[in-house]
Amino acid sequence: MNPANTFSPRFSLGYALTPRWTINTSVGRYYKILPYTVLGFQNENGEFANQDGDYTRSDHYVAGVEFLPRRSTRVTVEGCYKRYDDYPVSVRYVVSLAYLGVDFSVLGNEEVVTDGRGRSYGVEFLLQQKLARNFYGILAYTLYWSEFTGLDRDDFRPSQWDNRHLLTFTGGYKLPKNWEVGLRVRYLGEAPYAPVDIEATTETYPAILLDYDQLGTVRLDAFNQTDIRIDKKWNFPNWTFNVFLEIQNVLGSNLPEPTSYVLSRDNEGQILSPRQLEEVTGATNSAVLPTLGIIIDL
């Protein structure tokens with residue numbers, strides 16, 4: 001209720017060195033309330049265990065340069081540093097919530113303390129081509145690091161967003177008679193993850209326990225996906241009619257996932273004794289998704 005506790009000053013400055021070259025900088029402080037799943041968590045006594053949690057604070061520092069080689073083309077290089085404080089840390093796992101929540105589980109439905117820290121920093125290169133000679137597109141590459149702490153505020157470890165490399169391209173080409181072909185390509189570097197604690201999970205299965213001490217020492221494979229879209233548009237006096245075909249993941253790339261385990265069984269399906277885990281093999285999620293649709297603009 002005290003606005004002074006979330007005072008968020010921001011400052012930005014741009015300076016045109018020449019008509020084609022510009023330097024841009026910005027500094028800002030931001031606050032974010034804890035997720036509602038965290039605020040609404042009740043312990044076994046029915047008490048709201050996290051109601052005194054602090055707002056997460058984030059300080060941003062950004063500087064970059066912009067170059068306009070021609071009217072239709074823009075090139076930027078930008079560096080950034082983000083510092084986080086009062087970040088929620090799981091009491092149960094004693095790790096930052098930044099290590100959790102990248103899957104479809106409910107994030108934050110547990111007791112936390114807002115004592116963690118975090119930082120992310122990197123540089124981004126962007127090339128934007130506005131529509132010229134029937135072509136348009138945006139190419140961006142980011143090299144970055146994302147690290148957070150648990151209760152030890154000096155022990156920074158890679159978060160599950162720490163892919164390091166992010167490459168994206170979105171563009172298209174306009175053909176005669178209102179035909180258009182679009183392309184979207186995404187590449188993500190290797191993401192860190194917490195592997196399964198084999199010894200502990202053998203005892204608790206089907207509850208899966210992860211070994212967070214190993215977070216940052218193992219990573220998934222890199223991921224890439226390519227989507228293609230074809231549009232055909234008809235223009236009428238007061239409206240337009242557009243038909244499109246989009247094929248997502250046209251190359252059938254597989255989404256990397258951590259290794260899954262099940263209890264070993266004999267030929268009759270009975271659990272072996274003593275219990276032991278074995279890897280799940282043969283699973284794939286490399287689906288190609290075609291979509292056919294229409295768009296009517298009045």
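Structural data are supplied above this passage.
Before going into details, it helps to say that this report is about the structure given with it.

### Considering unusual backbone geometry
Residues tyrosine 205 and proline 206 are joined by a peptide bond in cis, for which omega reads 20°. Following the sequence through the fold, proline 206 ends up in the loop between α2 (198-204) and β10 (223-235). Between serine 273 and proline 274 the backbone carries a cis peptide bond, its omega angle lying at 0°. Tracing the backbone through its elements, the reader meets proline 274 in the loop between β12 (261-263) and β13 (277-279). The backbone of aspartate 86 sits at a positive phi, close to 55°, despite the residue not being glycine. Even without glycine at this site, valine 94 takes up a positive phi of about 55°. With a relative accessible area of 43%, valine 94 lands in the partly exposed category.

### Topic: the environment of serine 26
Assignment of secondary structure puts serine 26 in strand β2 (residues 21-32). Spatially, the C-alpha atom of serine 26 lies 7.5 Å from that of arginine 10, the residues being 16 residues apart in sequence. Leave out the neighbours within four places in its chain, and serine 26 touches Phe11, Ser12, His60, Tyr61 and Val62.

### Overview of the packing of aromatic side chains
Within this structure, the stated rule accounts for twelve aromatic pairs. The interplanar angle of 15° and the centroid separation of 5.5 Å between the aromatic rings of tyrosine 121 and tryptophan 145 together place this pair among those described as stacked. Of this pair, tyrosine 121 sits in strand β5 (residues 112-132) while tryptophan 145 sits in strand β6 (residues 135-148), and the two are 24 residues apart along the sequence. The structure contains a cluster of three or more aromatic residues connected by ring pairs, namely Tyr61, Tyr81, Tyr121 and Trp145.

### A word on the environment of threonine 202
Checked against the element boundaries, threonine 202 lands in helix α2. Using a relative accessible area of 10% as the deciding quantity, one classes threonine 202 as buried. With sequence-adjacent residues up to four places away left out, threonine 202 is seen in contact with Arg275, Gln276 and Leu277. Within polar-contact distance, the side chain of threonine 202 engages the backbone oxygen of isoleucine 198 at 2.6 Å.

### With respect to the pairing of strand β8 (residues 165-175)
Pairing analysis gives nine bridges linking β6 to β8, with the strands arranged antiparallel. When the bridges of β8 are listed, leucine 139 appears paired with phenylalanine 169. One ladder, built from ten bridges, connects β8 with strand β9 (residues 179-188); its direction is antiparallel. Bridge pairing links glycine 172 to glycine 182 in β9. The antiparallel hairpin formed by β8 and β9 contains three residues in its connecting segment, where lysine 177 sits at a positive phi of about 60°.

Thresholds applied
- Residues numbered from 1 in each chain as written.
- Predicted model: local features only at pLDDT ≥ 70, side-chain atom pairs only at ≥ 80, totals over all residues.
- Heavy atoms only, no water.
- Helix = DSSP H or I, 4+ residues; strand = E, 2+ residues; numbered from the N terminus.
- Buried < 20%, exposed > 50% of the residue type's maximum accessible area, 1.4 Å probe, protein only.
- Contact = heavy atoms within 4.5 Å.
- Phe/Tyr/Trp six-rings, centres within 6.5 Å; stacked < 30°, edge-to-face > 60°.
- Polar contact = N/O pair within 3.5 Å; in protein donor to acceptor, adjacent residues only side chain to side chain.
- Pairing = 2+ DSSP bridges.

Such coordinate-based values are descriptive only and should not be taken to indicate function.
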